[in-house]
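# Examination of the molecular architecture
Take a look at the letters that make up each chain.
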Amino acid sequence: MIRTIAFIVLAAALSFGAAGCKKKKTVAEMQAEKVTVFRQKQKVEAIKSYTALVTKYPDSEFAAKAQERLNVLGPLPAATPAPKK
Amino acid sequence: MLIDRRIPAAIVCLAASTLPSGPASAQGPAATIDAQMMQQAEALAAAGDHAKAAAVYEDLVKRFPQMPIVPEANFRAGYAHYLAGDYDAALAAFKKVIDNRNLPAEQASLNELSLSMVPQVLASKAAKLPINDPARKVALEDAVKQFDTYLTKFPKSDEAESASYSKALALYQLEKFDLAMDVLRKNMAAFPQSPTIQDSQYLLALTLATTGSNALSKATAPDPVAEQQFDESEKLLRDIITKNLNLALINDAQFQIGELLLARGGFMTGDDNKQKQADTFNKALDAYRSVASKDRVVAAQKARIAFFKDLMVKAGVAKDVPTLQKYKRLVDKETEKLAQLEGRTDQTQQAKFKTGLIFFTQNKMDETRVLYTQLENTGAIEDEADKKQALYFVTMSYAAQSVAEKAIEKYNAFQSTYKGDPIAQNLQLIVGAMYLGEKLNDPNKAIEYFNEGLQLYPKGKAFGALVLARAGAQIQLKKFDEAEKALKDTLAQNPSKELAVDAEFYLGVVQVQTGKVKEAVETFKGVRQKYPGTPQEEQSFSQIGQLLSRLDPKAAIPELEGFLSKYPKGNDVPAILMALGTAQGASGQADAALATFKKLATEHPKSEAAPFSYFERAKLLAKAQKYDECLAVMKEFAQNYPDSTALFQAADFTAQILTSQGKGQEAIAVYDDFVAKRPKDPSTADALLKLNALWKGYTESQGNYIVIEAAKRDEWKKGIEKSTAAAEKLITEFPESPQVAQALSNLMDVQRLQQSAKLKTEAELETYFKDLAQKFADKPGTQAKVLFTLASFNFDKDKTKALEQMTAAYKPDLKFAPEDLDLYGQALIDGKKIDEAIKVYEKLNQDYPLKGSSPKTAPRDVQEAQAIVLAGLGKALQEKGDPADKEKGGKMFAELEANYPWSPKMLEVNYGTALALRDQKKDDDAVKRIQEILKAPKASSELRAKGMLLLAKIHADAGRFELAIDNFIKISVFYGGVPKVAAEGLWLGGQLLERQASGEIPMPTPTPKPAATPAGDAKKK
């Protein structure tokens, strides 16, 4: 138990130290990052939408088009694994 | 009006039999010539050439003025003139005999005979004069005086009976009925055994019937004296038939019984007398049908003459001169009657003619028309007046049945010959009314005929009705001002009091119909004040009270009580009591209202209002939560009116109260009882529908079948069985009823419940409906409804399949329920078969046409169908996509909104209008329409889904991409059962998301939050 607590404290200290050592981002960089994340998120949502369409309404006149888009957009990015406890 | 069709029997005797019959040869040469002339004249008279016979007699008198035969020649000349119809010459000839002071004793009887003939000639002269000719009255009065002179002078004469009869006839023609009846009764008492006394009995019967008829036509209340007169008249006529002495008279009596009963039945008005009237008319028909043909009557009359001749001969053989003379006179009288019988038309034709009149009165239009047409075609109608009447009735029958083309053809034929004839005073009214009927529904045409009637008969009996009918047509055309103006114009022309009171009263009626209730009350008050003592005063009083009961219940109460106090026996008393009870109820006087309604039910149980009073009492008691009393009142109603058409309402009211008390099974028992007792009643379809719904509710109340315990499962299944049985019974026994659609919908719910309980598969559900449809192979309409129900089940899941099923069930030659066709039309639109959809809606428009009436006055089912047509066509045209069609579709929606704002189709209109508004870039207005749809609890899932899709598109167009995406994507979440719209939402949402992902649409800038306002500043503000 004592070893575990010590490991957590150390890890936290290291992460602080690493951050503190990075170069501070500019507003533009931060904005660009936000846009990237936003676009990535919207792409994921689009894929979800098309996937739902193709799955739920395969007979729909839009299903084929949706499938084409899915082929272009590729699969959903893999989910980030949850940290092991 | 009864008319004596008999020509008065002449008091004729053969003067020769009273005259000395010395041999002509004994009188020398001159005597021989005069005897020869007498023989020549007699031969001419016997041949029927009375005018020439009279001339020969007069020539004889001129040539041999001193001969003893002259008085006889004068008498015979008078009699010949009489028979030839030259009454003045006859009177002059008889006068010569009467004025002859030197008549030898053996010729004294000529004086008596001439005296008896004078009034007879006067009466016959009068009979030939037009009824309105003043000379007729003078002649008749003179005849009565002369009869009196004769009867005073020869009270014991053999001719006294005939003279009294003829005097009574003259009095009858002078309309001195009481005097006539007195004379006839005395005659019957004085000569009971006379072979001709039945003539007096017959005339007495006619006089009694005429008096009774006259009295009843003026009566405002029951007239027992008149009824007694009718009874006595019928008894006297039937006595003539029973005694069976004289076929000609029996035939006349049969005919007159028909006339009497026809007239009497005409006075039997009101619902209470309907059966009595029908019985009376049927008796009249029997009497008319018993009238014998002319041939039979003539033959019988000839036999009667032969019988008297035989008696005469026997008296001659026995040298019994008085008896011989008596029978000789009888033979002469009966011979004259024979001539009359031979000269008149066959009485069976007249009887048939009258039969037609009864058919018309009994509303048997086909029978009326067939009979008159047959009589006309066979040439049986000879009399011009009868021809006119036949054409009139044929025209009326066509008009009453709304056979427009024929009615107008006959109307024009009538107008071309008898235009303006008084008989047709109501013809324009009936023809005009035909155009106001549902079948033709052409108020403009109706007005043309009403105007013609008003123009042709400005003082006619139908004037008031024509003015009102025209006003009604004008109201239908929304020409309210014209209607009022016409009535006011009529009043401004200083019309007669009868017209003025009608016009003013109708003005009030028009004001009521146009919703000007306050003005109407004032108008009726004016009528009440200005025309005291008229029927309209009473009606206006009644109207004031009844109108005020809606307008101002408190103010109405004294008016209504005033009416009851002034007209305690008035016709409107039940309606007034109803209004009083309603006004008391609305004024918070529930106890008084209950008492008034009870009084109405108790004292006027047969009135139209009485049954409704029970429901009013029940409502008041229900409002006071006195449910047991309420149920008792409904039970009382059912007992007192076991045949009422409102019996279902009573059962329904009772069942609803029981349901509200949680006594569902008792409510079910009430409907079960109704169905068992009245299996053929149209309301039984309603009762079955209620049972169907109550048992369905019972099943649902048991809970989810899958998780409930076994005992509840049994009840669940029982509900399913009972609900299904009620629906199937409804559909089987009332396949054409409007309740079938709802029953099928409930049946589908019940089937789906079984499906969700895993007791049935979807395939089994389909099989059930297909089997059900098969049961109605002989009723394509019902079969189609069943198949349409099945198609609607598939509609959301598989529109293609649903459309196929509907297409298979659809038959263009059948008239479908509007909502069923709408479903089909919608499926066609969804399947992009727009032109076919348009055809379906156009057919619906043809099946439920407005027929020229305004949309708001058409029957409700037509209005509902028209709303569906406008919504369907509007949608189909919008779906076509080109601007012109879209605009046309938009106009249809606008028409729907203007004319049928209450229609559930308005939600679709809101959607269609929103589409049009979006095209016009009026986004804010479009959004408002969409929100109406999304808020409406009755909007279908599909409509909501489409609304949401449109809203998303509007947001997208306006650059509100986040809102647009949100709406696009959520359609599939909320309305996944509407696949087409949900898929489109996902596609369009995905497209927007992709555009955002690609950067085509920039990332939204977060809206800055408003800076916090200092507390102090907020307070200052």
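Just so you know, the residues in each chain are numbered from 1, in the order the chain's sequence is written. For this description, chains carry letters from A and ligands carry numbers from 1, given in the order in which they are written. Confidence filtering applies because this is a predicted model: local features only for residues at pLDDT of at least 70, side-chain atom pairs given and counted only at 80 or more, and all residues used for totals across whole chains, interfaces and linings.

### Remarks on the nonpolar core
Residues enter a nonpolar core if they are buried, belong to Ala, Val, Leu, Ile, Met, Phe, Trp, Tyr or Cys, and are joined to the set through C-beta atoms within 7 Å. Comment: burial labels come from other C-beta atoms within 10 Å of the residue's own C-beta, placed from the backbone, where a count of 20 or more is buried, 12 or fewer is exposed, and between is partly exposed. L53(A), Y57(B), V467(B), Y506(B), M634(B), Y671(B) and L730(B) are the most contacted members of the largest nonpolar core, which has 295 residues in total. Note that contacts rest on C-beta atoms placed from the backbone: two residues are in contact if these are within 7 Å. Y506(B) has contacts with G464(B), V467(B), L468(B), A471(B) and L487(B), leaving out every residue within four places of it along the chain.

### Describing the confidence of the model for chain A
All names here are of chain A. pLDDT measures how confident the predictor is about each residue, on a scale from 0 to 100. Scored by pLDDT, chain A has a mean of 70; 62% of the residues are at 70 or more. Per-element averaging of pLDDT across chain A places helix α1 (residues 2–21) at the bottom with 38 and helix α3 (residues 63–73) at the top with 92. Contacts for the low-pLDDT stretch residues 1–21, under 50 throughout, to residues beyond four places or in other chains number zero contacts. Confidence drops under a pLDDT of 50 for residues 79–85, and excluding neighbours within four residues, the segment shows zero contacts in the predicted structure. Only DSSP runs of H or I covering at least 4 residues are called helices, and only runs of E covering at least 2 are called strands; the numbering of each starts at the N terminus.

### Considering the interface of chain A and chain B
With 19 residues of chain A at the contact, the number on the chain B side is 18 residues. If you list the elements that add at least two residues to the side of chain A that touches chain B, you get α2 (27–56) and α3 of chain A. For the side of chain A that touches chain B, the leading source of residues is α2(A), giving 12 residues. Think of it as three bins: nonpolar holds Ala, Val, Leu, Ile, Met, Phe, Trp, Tyr, Cys and Pro, charged holds Asp, Glu, Lys and Arg, and polar takes everything else, Gly as well. Here the residues of the side of chain A that touches chain B are counted per class, giving 10 nonpolar, three polar and six charged.

### A look at helix α10 (residues 224–243) of chain B
All names here are of chain B. Helix length check: α10 (20 residues) gives 28 Å between terminal C-alpha atoms against 28 Å at 1.5 Å per residue, within 8%. When we look at burial in α10, the residues that qualify are A226, Q229, F230, S233, E234, L236, L237 and I240. Viewed along the axis of α10, the buried residues span an arc of 155°, placing them on a single side of the element. Opposite the packed face of α10, turned more than 90 degrees from it, sit the exposed residues P224, V225, Q228, K235, T242 and K243. Packing partners of the buried residues in α10 comprise α9 (197–218) and α11 (247–266). N244, located one to two residues past α10, shows a positive phi value of around 55°. What a helix should span is 1.5 Å times the count of its residues minus one. To obtain the arc, one takes the directions from the helix axis to the C-beta atoms.

### Here we look at the packing of helix α45 (residues 941–957) of chain B against helix α47 (residues 979–998) of chain B
All names here are of chain B. Inter-axis angles, ranging from 0 to 180 degrees, are taken between N-to-C directions of lines fitted to C-alpha atoms, where helices are fitted over the stretch in contact. Where α45 contacts α47, the two axes come as close as 10 Å, and the packing angle between them is 20°. Viewed along their axes, α45 and α47 adopt a mutual orientation that is roughly parallel. Crossing hand, α45 versus α47: left-handed. Counting all contacts with α45, which are made through E942, A945, K946, L949, A952 and A956, the residues of α47 involved are V981, A982, E984, G985, L988 and L992. Class assignment for the residues of the contact of α45 with α47 results in eight nonpolar, one polar and three charged. Under this scheme an angle from 65 to 115 degrees is roughly perpendicular, one under 35 degrees roughly parallel, and one over 145 degrees roughly antiparallel; angles in between are oblique. For a crossing to be left-handed, the near helix must be turned anticlockwise from the far one by less than a right angle; the clockwise case is right-handed.

### Describing helix α15 (residues 347–361) of chain B
All names here are of chain B. Between the first and last C-alpha of α15 there are 21 Å, a value that for 15 residues agrees with the 21 Å anticipated at 1.5 Å per step. Most of α15 is tucked away: 12 of the 15 residues are buried. Every buried residue of α15 is accounted for by Q347, T348, Q349, Q350, A351, F353, T355, G356, L357, I358, F359 and F360. Where α15 is buried, its residues contact α11, α12 (274–289), α13 (294–317), α16 (365–377) and α17 (384–400). Downstream of α15 by one or two residues, N363 has phi in the positive range, about 65°.

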